[in-house]
Amino acid sequence: MNSSLQTALPATARRTPVERFRGQSRRRLLRADLLTVLAWASVALSIALWLADGGATGFSTLAGSFTALGIVAGLAGMDLVLLMLLLAARIPLIDGAVGHDRALEFHRKLGKPSLYLLLAHGILIAIGYGMAEGLDPVSELVSLWVLVPDMWLAIVSMGLFIAVVVTSLVAVRRRFPYEFWYAVHLLTYAAVLTAIPHQFSTGALFAVGTWQRWYWLAICIGTGAALVHYRVLEPLVATVRHQLTVSRVMTEGPGVVSIELAGRHLDELAGSGGRFFIWRFLAPGAWWHPHPFSLSAEPVLFDSAGRGRLRITVRNLGRGSAQLARLKSGTRVAIEGPYGLFSTAARSRNRVVMIGAGIGITPLRALLERTPFEPGNATVILRGHSEAELYLGDEILELCRRRGATLFHLTGARTAGEQSWLPESAVRSGHRLASYAPDVADADVYICGPSAWARSAISGARAAGVRDEQLHYERFDW
């Protein structure tokens with residue numbers, strides 16, 4: 001079944017001018033480019049400082065050349081590891097430039113190169129030192145383990161890095177629950193901590209008074225401070241400040257519930273519609289499950305002090321989320337965020353198109369509530385197998401009527417073997433995204449839904465002429 005519902009404000013309605021977003025988009029893309037340049041410049045700088053401190057002299061002999069190449073590999077590999085930690089630290093500057101999911105995507109892509117560089121570091125150092133001392137690489141490694149202070153920590157660190165990278169492989173991750181994978185990845189911090197001592201205690205690489213020593217002290221301390229501040233202190237402060245508790249749990253459909261929460265200073269979270277938070281419900285058996293859920297309704301304030309309520313809508317997708325339907329009123333909630341770019345902060349155009357499927361519809365409802373647009377400049381497309389899967393559809397209809405947005409309900413099964421995001425009847429009729437949003441090529445397009453469906457919708461948007469900077473979607477497969 002396909003249906004379309006179009007709403008518009010009366011012609012006499014007063015229209016408020018909408019902010020132009022092109023400048024905002026250019027500034028965000030510029031920040032992303034600058035961060036990319038700084039990231040690669042940090043790798044180059046780590047090697048340049050070593051060369052400036054006389055590192056090039058090591059290439060005068062064959063043994064020295066192996067050792068020098070090993071040092072270069074180690075410097076580059078360790079710099080990439082620190083970059084990985086910064087990408088996962090949820091730093092607002094990075095999150096606001098590229099988005100949380102893309103930051104973690106870059107984080108994952110750096111995993112293998114950093115491991116290969118660190119392995120090359122160990123192997124090349126063992127070969128170089130061994131050649132100088134007349135030993136084979138294995139004997140040299142044993143000698144280093146026994147005789148060199150802190151070298152055993154470096155070897156333990158290498159084992160930890162290997163464990164982290166192996167558990168990051170998709171095939172391995174799918175065999176274990178998220179919590180196991182998350183716990184294993186805490187080994188990254190242990191790996192870094194065990195790798196650092198030998199850098200400063202072995203040889204003259206980071207000798208006192210050298211620029212290298214100050215550089216590495218600065219980036220190690222800076223990375224550690226960022227992790228502690230943004231991963232530990234800020235979530236604790238947010239949890240204490242907002243004092244969120246569960247008010248009630250409401251059933252929205254089979255396996256889908258809305259959780260209404262009350263708290264303080266919720267005015268600080270206004271405008272976060274579409275962005276996600278990480279929630280921990282402090283109930284027995286549930287407190288250790290982190291849940292990345294977006295708001296499904298902007299905060300509603302009761303007074304000038306910011307007291308009010310907000311809402312998330314979740315679907316039963318596993319043991320952890322199934323427990324949420326049984327939460328009791330008064331359950332305290334720990335919060336981290338907001339994160340991501342699925343918000344007005346990503347806008348680049350005055351027109352906006354929102355496409356959601358299943359539980360992915362609910363963040364669009366919160367985004368629709370606040371993102372600026374003039375009447376007639378927004379299109380909302382909801383996709384489901386049936387009307388019952390168009391969660392919060394009545395609320396979205398009312399918002400569209402009030403704000404002057406065009407709303408389409410696209411229901412029905414997909415064609416067997418067909419990868420289109422549209423229902424079978426729409427595909428047979430020759431419909432495409434432009435059939436519902438003719439001006440989509442000049443609009444910001446927000447897409448949220450199941451991974452395979454979202455990939456199809458993204459492809460459809462690109463085929464309709466939507467550029468990458470106009471496409472906004474958040475992936476939660478991390």
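Shown above is the structure to which this text applies.
## Notes on the overall build of the protein chain
So, point 1. The helix and strand tally for the protein chain stands at 17 helices and twelve strands.
So, point 2. Going through the 478 residues of the protein chain one by one, you find that 49% of them count as buried.
So, point 3. Expressed as a percentage of contacts within the protein chain between residues at least 6 apart in sequence, the contacts between residues at least 24 apart total 75%.
So, point 4. Only carbon and sulfur atoms are counted for the fraction: they give 62% of the accessible area of the protein chain, which is about 22600 Å².

## Observations regarding the packing of helix α1 (residues 22–52) against helix α11 (residues 211–242)
So, point 1. Where α1 contacts α11, the axes come no closer than 9 Å and their chain directions differ by 150°. Considering the angle they form, α1 stands roughly antiparallel to α11. By crossing handedness, the relation of α1 to α11 is classed as left-handed. Taking contact as the criterion, the partners of S42, L45, S46, L49 and W50 in α1 are, on α11, W211, Q212, Y215 and W216.
So, point 2. The class makeup of the residues in the contact of α1 with α11 is six nonpolar, three polar and no charged.

## What to know about the sheet that holds strand β3 (residues 256–263)
So, point 1. With respect to topology, six strands assemble into an open sheet ordered β2-β3-β6-β5-β4-β7, the strand pairing being antiparallel. A strand with exactly one partner marks an edge of an open sheet, and here the two such strands are β2 (245–253) and β7 (333–339). Neighbour to neighbour, the strand axes of the sheet diverge by 35° on average, direction disregarded.
So, point 2. Looking at chain direction, strand β4 (residues 276–281) and β7 are connected through five bridges and run antiparallel. Across the sheet, residue W279 finds its bridge partner in β7, namely I335.
So, point 3. Of the strands in this sheet, β5 (291–301) and β6 (308–315) are in contact with helix α13 (residues 361–370), which crosses β5 at around 35°.

## What about helix α4 (residues 100–109)?
So, point 1. Considered for burial, the residues of α4 that qualify are H100, D101, R102, A103, L104 and H107.
So, point 2. Its buried side turned inward, α4 meets α2 (62–87), α3 (92–98), α5 (111–133), β4, β7 and β12 (471–473).

## Focus on a nonpolar patch on the surface
So, point 1. Residues V138, L141, V142, W145, V146, L147, W152, I155 and V156 make up a contiguous nonpolar surface patch of roughly 850 Å² in combined accessible area.
So, point 2. Per-element tally for the nonpolar patch: the top contributor is helix α6 (residues 137–147), with six residues.
So, point 3. Along the chain, the position of L141 falls in helix α6.
So, point 4. With relative accessibility at 39%, the residue L141 sits in the partly exposed group.

## Notes on α6
So, point 1. Along α6, the positions that sit buried rather than exposed are E140, S143 and L144. Axial view of α6: buried residues confined to an arc of 100°, hence all on one face. Exposed residues pointing more than 90 degrees away from the buried face of α6 are listed as V138 and V146.
So, point 2. If you check the start of α6, you find a side-chain oxygen 3.1 Å away from the backbone N of V138, and it comes from D136.

## Examining the environment of Y473
So, point 1. Looking at the element boundaries, Y473 is found in strand β12.
So, point 2. On the basis of relative accessible area, Y473 is assigned to the buried category, the value being 15%.
So, point 3. Once the C-alpha coordinates of Y473 and R455 are considered, the two residues, 18 residues apart in sequence, prove to be 9.8 Å apart.
So, point 4. Those residues in contact with Y473 that sit more than four places away from it in its chain are D101, R102, F342, I447, I458 and R462.

## Side note on unusual backbone geometry
So, point 1. That bond from G337 to P338 is cis: its omega, 10°, falls within 30 degrees of zero.
So, point 2. Of note, P338 is situated in strand β7.
So, point 3. The phi angle at Q243 is positive, at roughly 45°, despite the residue not being glycine.
So, point 4. Mapping Q243 onto the fold places it in the loop between α11 and β2.
So, point 5. Take Q243: its relative accessible area is 38%, and that puts it in the partly exposed class.
So, point 6. Positive phi, normally seen in glycine, also occurs at H265, with a value near 55°.
So, point 7. Here H265 lies in the loop between β3 and β4.

## Quick look at the pattern of salt bridges
In a structure, side chains of opposite charge can pair up when their charged atoms sit close to one another.
So, point 1. On inspection of all chains with the given rule, the structure shows 19 salt bridges.
So, point 2. With a shortest N-O distance of 3.5 Å, R22 and D442 are connected by a salt bridge. With R22 in helix α1 and D442 in the loop between α16 (433–436) and β11 (443–448), the pair connects residues that are 420 residues apart, well separated along the chain.
So, point 3. With a relative accessible area of 42%, R22 lands in the partly exposed category.
So, point 4. The shortest N-O distance in the salt bridge between K109 and E105 comes to 3.5 Å. Here K109 and its partner E105 are both found in helix α4, four residues apart, which amounts to about one turn of the helix.
So, point 5. In the salt-bridge network here, residues are joined through shared partners; they are R311, R365, E369 and E395.

## Quick notes on the nonpolar core
So, point 1. With 40 residues, the main nonpolar core has F161, V192 and W216 as its most contacted residues.
So, point 2. Elements with a minimum of two residues in this core: α1, α2, α3, α5, α7 (151–168), α10 (187–201) and α11.
So, point 3. With twelve residues, α2 is the largest single contributor of residues to this core.
So, point 4. If near-sequence neighbours (up to four positions away) are discounted, F161 is found in contact with V81, L115, L118, A191 and V192.
So, point 5. Among the nonpolar cores identified, the runner-up in size contains 24 residues, and I355, L410, Y436 and I447 belong to it.

## Some remarks on the pairing of β3
So, point 1. Taking burial as the measure, the eight residues of β3 include seven buried ones, the bulk of the element.
So, point 2. Sheet topology places β2 next to β3; seven bridges connect them, and they run antiparallel. From the neighbouring strand, G253 faces β3, where its bridge partner is V256.
So, point 3. Between the end of β2 and the start of β3, which pair antiparallel, lie two residues, with G255 showing a positive phi angle near 75°.
So, point 4. The sheet contact formed by β3 and β6 spans eight bridges and is antiparallel. Of the residues in β6, the one forming a bridge with V256 is R315.

Scoring rules and cut-offs
- Residues numbered from 1 in each chain as written.
- Predicted model: local features only at pLDDT ≥ 70, side-chain atom pairs only at ≥ 80, totals over all residues.
- Heavy atoms only, no water.
- Helix = DSSP H or I, 4+ residues; strand = E, 2+ residues; numbered from the N terminus.
- Buried < 20%, exposed > 50% of the residue type's maximum accessible area, 1.4 Å probe, protein only.
- Contact = heavy atoms within 4.5 Å.
- Areas by Shrake-Rupley, 256 points an atom, 1.4 Å probe, with all protein chains shown as cover.
- Axes fitted to C-alpha atoms, helices over the stretch in contact; angles between N-to-C directions.
- Parallel < 35°, antiparallel > 145°, perpendicular 65-115°, else oblique.
- Left-handed = near helix turned anticlockwise from the far one by under 90°.
- Nonpolar A, V, L, I, M, F, W, Y, C, P; charged D, E, K, R; others polar.
- Pairing = 2+ DSSP bridges.
- Patch = residues over 30% accessible without salt bridge, like charges linked within 9 Å, V, L, I, M, F, W, Y side chains within 5 Å.
- Salt bridge = Lys/Arg side-chain N within 4 Å of Asp/Glu carboxyl O.
- Arc of directions from axis to C-beta.
- Polar contact = N/O pair within 3.5 Å; in protein donor to acceptor, adjacent residues only side chain to side chain.
- Core = buried A, V, L, I, M, F, W, Y, C linked by side-chain atoms within 4.5 Å.

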